Amino acid sequence: MWLGGRGWFGVLEHWRCDLRRPSFARTWSGFKGSMAETLSTQVGTAGGLRAPHQQNGDAGGDARVEPTPGSPKPAGQEVEPAPVGGEHPSAAAPGLGKRKKRRGATGERVVPPPKKRRTGVSFGDEHFAETSYYFEGGLRKVRPYYFDFRTYCKGRWVGHSLLHVFSTEFRAQPLAYYEAAVRAGRLHLNEKPVQDLNIVLKDNDFLRNTVHRHEPPVTAEAIRLLAENEDVVVVDKPSSIPVHPCGRFRHNTVIFILGKEHQLKELHPLHRLDRLTSGVLMFAKTAAVSERIHEQVRDRQLEKEYVCRVEGEFPTEEVTCKEPILVVSYKVGVCRVDTRGKPCETVFQRLSYNGQSSVVRCRPLTGRTHQIRVHLQFLGHPILNDPIYNSVAWGPSRGRGGRIPKTDEELLRDLVAEHQAKQSLDVLDLCEGDLSSGLTDSTAPSSELGKDSLEELAAAAQKMEEVAEAAPQKLDTIALAPEKAVETDVMNQEADPLCAECRLVRQDPLPKDLVMFLHALRYKGPGFEYFSPMPAWAQDDWQKD
């Protein structure tokens, strides 16, 4: 989100004017008499003619994938509105087909044209240098850092104030927080500090919000290089590390770790692995190679083989599951078997059984989200430590045979409540700020700050901003409790007076709790085949701790 909880608010929306509408296709010669009067009246009422917006929607899925910060919106055609209560600017000009750019009436806020989009989406040294790692208790941790979330004004925000947008769409923080952020100089509109939240947004407005960002820890297990040539890089991904920036994760991702620690940059992921899934992960080094292999994927030329450990004694014979899978919630990241879902097929073969759990080989013939995990749940043999599909939230049968004695809303509520109690919302790719009344009745206590406290913090933050101007290489922050914040000038990026997360004390997960027993064992395609070693939990003599 734009305030540091979720990445999706960083996604840049693009709008284009549709000049083919009949109202714009008319020639200016028809604007006479009553037609001109009607046009003028409409403009005076609506505040100017506006072409319709066409929004290039989110990619969806895991969405919650974060774009390269600073990637500006591509320039597009603009239809200039007619001035209020006056003649159209081109009506008196020779050449009725030409339009003059409107510079804005006296005192009217002028929006600069959108910048051209940089070609390619990649992360470079300036992104890798935002912060650093440290290791503690078997975990890889990211030092908190300042980050700019950037976005162009969405179509539905046009004509509304920033105050309205924050109060209706970004309720993770009270309005007092946003007011404090304005006073601290954290919010920018078209690269100018926002002075008043009542400012009304216009098309092409560019917003930037500076937040203090915290990332969840991941396993300290190293990313092993399996193969590298001029076309691809193949690694053995540990469980718990996302492939690319998404949600709260940015530096604790495979893309960033490879760039920061192995100098492998501008990589193109060739397939998906869930954050909790380990094993073979392939990257293309060029867009051309990426397109070639993706075409092989579309043509079903790529063979994938996984191994997992499941509950109970799996059948000895080969089992094929063809149940369709429906996404229950993209936000929470939960799917289930449903006749309305997309067709998919997985072939299972038991490899061993130790008296309590079975090791099973899985060959997905399609590539739906959570396909292996959902099919195993349906078969009554969920992955032994799957935090979603082996949860009591599914009911007594835990989803076996598709039997779920509750509505989707009740299921999501119970899943969220379970992981909120365990402080493990990251499993659902959620943070406290994402919870709405539609999912749970609980609220994050960190957001409930008094207005007086926030005003104190804003003053402290503003003071630190002024110090930072004299030392631009250092970021403004202080590392004391709110009541002590105004008494120090300590420059420390790891604590921030406006950051609610800084005041929370979270218990670190145990490294073993970050491992799910699902592993990508083999990927094979035309001219290549890559293997990953069998994990320890897949050995025949393995016993649960």
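Nothing here was measured: the structure is a model prediction, and the numbers come from that model.

Mapped onto the secondary structure, Thr 277 falls in the loop between strand 10 (268–269) and strand 11 (278–284). Between the C-alpha atom of Thr 277 and that of Met 516, which follows or precedes it by 239 residues, the distance is 6.4 Å. Dropping the residues within four chain positions of it, Thr 277 is found in contact with Lys 237, Pro 238, Ser 239, Tyr 306, Met 516, Leu 518, His 519 and Ala 520.

Of the residues in the chain, 66% have a pLDDT of 70 or more, and the chain-wide mean is 75. Taken element by element, the chain is modelled with least confidence in helix 11 (residues 482–485), mean pLDDT 34, and with most confidence in strand 13 (residues 319–321), mean pLDDT 98. In the model, residues 1–101 has pLDDT below 50 throughout and makes 209 contacts with residues more than four positions away in sequence or in other chains.

Judged by nonpolar contacts, the single largest core of 76 residues is most densely connected at Phe 283, Val 334 and Phe 348. Setting aside chain neighbours within four positions, we find Phe 283 in contact with Asp 231, Val 232, Val 233, Val 235, Val 243, Val 254, Ile 255, Leu 258, Leu 267, His 268, Pro 269 and Leu 270. The next biggest cluster of nonpolar side chains, apart from the first, holds 20 residues, and it includes Val 158, Ala 181, Val 182 and Leu 201.

A few words now on the pairing of strand 15 (residues 334–337). Regular strands place their side chains on alternate faces of the sheet. Taking every second residue as pointing to the same face, both faces of strand 15 are buried, with Val 334 and Arg 336 on one and Cys 335 and Val 337 on the other. Counted along the chain from strand 14 (residues 325–329) to the antiparallel partner strand 15, the turn is four residues long, and its residue Gly 333 has a positive phi close to 80°.

By the secondary structure assignment, His 271 is in the loop between strand 10 and strand 11. From its side chain, His 271 meets the backbone nitrogen of Met 282 in a polar contact 3.1 Å long. Within polar-contact distance, the side chain of His 271 engages the side chain of Tyr 523 at 3.1 Å. Contact partners of His 271, with chain neighbours within four places excluded, come to Val 280, Leu 281, Met 282 and Tyr 523.

Tracing the chain through its elements places Leu 412 in helix 9 (residues 408–421). Under the relative-accessibility criterion, Leu 412 is labelled buried at 8%.

What follows covers the pairing of strand 2 (residues 139–142). Of the two faces of strand 2, the one carrying Leu 139 and Lys 141 and the one carrying Arg 140 and Val 142 are both buried. As paired elements, strand 1 (residues 133–136) and strand 2 share four bridges and run antiparallel to each other. Following the sheet pairing, Tyr 134 is matched in strand 2 by Lys 141.

Counting buried positions along helix 8 (residues 371–378) gives eight out of eight residues, so the element sits mostly inside the fold. Among all positions of helix 8, only Gln 371, Ile 372, Arg 373, Val 374, His 375, Leu 376, Gln 377 and Phe 378 are buried. Following helix 8 by one or two positions, Gly 380 adopts a phi angle in the positive range, close to 85°.

Another aspect to go through is the pattern of salt bridges. One pass over the full model with this rule turns up 31 salt bridges. With its nearest N and O atoms 3.5 Å apart, the salt bridge here joins Glu 313 to Arg 350. Separated by 37 residues along the polypeptide, Glu 313 in the loop between strand 12 (303–311) and strand 13 and Arg 350 in strand 16 (residues 346–353) bring together distant segments of the chain. Note on Glu 313: relative accessible area 49%, which makes it partly exposed. Here the salt bridges share partners, and the residues they tie into one network are Asp 148, Arg 150, Glu 191 and Arg 208.

What counts and what doesn't
- Residues numbered from 1 in each chain as written.
- Predicted model: local features only at pLDDT ≥ 70, side-chain atom pairs only at ≥ 80, totals over all residues.
- Heavy atoms only, no water.
- Helix = DSSP H or I, 4+ residues; strand = E, 2+ residues; numbered from the N terminus.
- Contact = heavy atoms within 4.5 Å.
- pLDDT = per-residue confidence, 0-100.
- Core = buried A, V, L, I, M, F, W, Y, C linked by side-chain atoms within 4.5 Å.
- Buried < 20%, exposed > 50% of the residue type's maximum accessible area, 1.4 Å probe, protein only.
- Pairing = 2+ DSSP bridges.
- Polar contact = N/O pair within 3.5 Å; in protein donor to acceptor, adjacent residues only side chain to side chain.
- Salt bridge = Lys/Arg side-chain N within 4 Å of Asp/Glu carboxyl O.

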